[in-house]
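# Structural features, examined
Each chain, letter by letter, is given below.
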Amino acid sequence: MLQKLDRLLQLAGMALTDKQKDLLIRYVGLLHKWNKAYNLTSVREPEQMLIRHIMDSLVVAPYLAGKRFIDVGTGPGLPGVPLSIVLPDAHFVLLDSLGKRVRFLRQVQHELQLTNIEPVQSRVEDYPSEPPFDGVISRAFASLQDMVDWCKHLPAHSTGRFYALKGGVPHDELERLSEGVVLDKIVPLSVPELEGERHLVVLKPN
């Protein structure tokens, strides 16, 4: 697993410490173990988890601005847990409405001793935004408009951003965006050994 992760990181041009790599591999181990009972992800093989979950999350890290983030609809902690490992100075609230996922995340937090994640069971529209977040992150969570509608109270007004991980560029969703947000940028992402397009869509409140 370490050799596989090293190769993927090299292909992505990313350098991590031995501790960070160890934490990522241990997280995959927990995800694989708990997946059998909790059905947390449709990806069953640990090596595929490295590609489709770990690397798919890590490639976003260079584009995040700020220190305080909320990962809405985090599921088993994606992309929040991998990002928290490679961005130890940032704080990540991991929000999900399903109890079994949050129980898994609390186990991850305990076993990996991650002090910069905060698993929370809540509906996103019910979660308070004090203090406001630098970034609201979603991965396969909802349409852009739904994300904005449900999460509009969460980002800091002038400096906050919405970060949506998408496959292809969602032109139809962008055209349907209402007032209140504008497109900041679209970043093409390259995930080693992952087929298909990946893009990061960044929106800002206006």
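Residues numbered from 1 in each chain as written. Predicted model: local features only at pLDDT ≥ 70, side-chain atom pairs only at ≥ 80, totals over all residues. Heavy atoms only, no water.

The next point concerns the packing of helix H2 (residues 18-38) against helix H5 (residues 99-112). The N-to-C vectors of H2 and H5 enclose an angle of 145°; their axes lie 11 Å apart at closest approach. In this structure, H2 meets H5 at a crossing whose hand is right-handed. Along the contact surface, H2 presents Leu23, Arg26, Tyr27, Leu30, Leu31, Trp34 and Tyr38, while H5 presents Lys100, Arg103, Phe104, Gln107, Val108, Glu111 and Leu112. The residue makeup of the contact of H2 with H5, split by class, is 9 nonpolar, 1 polar and 4 charged. (Axes fitted to C-alpha atoms, helices over the stretch in contact; angles between N-to-C directions. Helix = DSSP H or I, 4+ residues; strand = E, 2+ residues; numbered from the N terminus. Left-handed = near helix turned anticlockwise from the far one by under 90°. Contact = heavy atoms within 4.5 Å. Nonpolar A, V, L, I, M, F, W, Y, C, P; charged D, E, K, R; others polar.)

With 21 residues, H2 ought to run about 30 Å at 1.5 Å a step, and its terminal C-alpha atoms sit 29 Å apart, in line with that. Taken as a whole, H2 has its buried residues at Gln20, Lys21, Leu23, Leu24, Tyr27, Val28, Leu30, Leu31, Trp34 and Asn35. Buried positions along H2 lie against helix H1 (2-12), helix H3 (46-58), helix H4 (80-86) and H5. Positive backbone phi, approximately 50°, marks Asn39, located one or two places after H2. (Expected span 1.5 Å × (residues − 1). Buried < 20%, exposed > 50% of the residue type's maximum accessible area, 1.4 Å probe, protein only.)

It is worth spelling out the sheet that holds strand S4 (residues 135-139) at this point. The 7 strands are arranged S3-S2-S1-S4-S5-S7-S6 in an open sheet whose pairing can be described as mixed. Pairing within the sheet leaves two strands with one partner each, and these edge strands are strand S3 (117-121) and strand S6 (181-189). Neighbouring strand axes in the sheet, compared pairwise and without regard to direction, differ in orientation by 20° on average. Here strand S1 (residues 68-72) runs beside strand S2 (residues 91-96); their pairing, made up of 5 bridges, is parallel. (Pairing = 2+ DSSP bridges.)

Here the focus is the UniProt feature "binding site: S-adenosyl-L-methionine" (unreviewed entry) in the protein. The feature "binding site: S-adenosyl-L-methionine" (unreviewed entry), as annotated in UniProt, sits at Gly73, Leu78, Val124, Glu125 and Arg139 in this numbering. Locating Gly73 in the fold gives a position in the loop between S1 and H4. When neighbours within four sequence positions are excluded, Gly73 is seen to be in contact with Leu95, Asp96 and Phe141. Along the chain, Glu125 falls in the loop between S3 and S4. If sequence neighbours within four positions are ignored, Glu125 has contacts with Trp150 and His153. For Glu125, the side chain forms a polar contact with the side chain of Arg123, separated by 2.8 Å. (UniProt positions renumbered as here; feature names shortened; annotations may be inferred. Polar contact = N/O pair within 3.5 Å; in protein donor to acceptor, adjacent residues only side chain to side chain.)

Relative to the helices and strands, Leu16 resides in the loop between H1 and H2. Residue class for Leu16 comes out buried when judged on its relative accessible area of 17%. Residues Leu16 and Ile85 lie 69 residues apart in sequence; the distance between their C-alpha atoms is 9.7 Å. Ignoring sequence-local partners within four residues, the contact set of Leu16 consists of Leu9, Lys21, Leu24, Leu58 and Val86.

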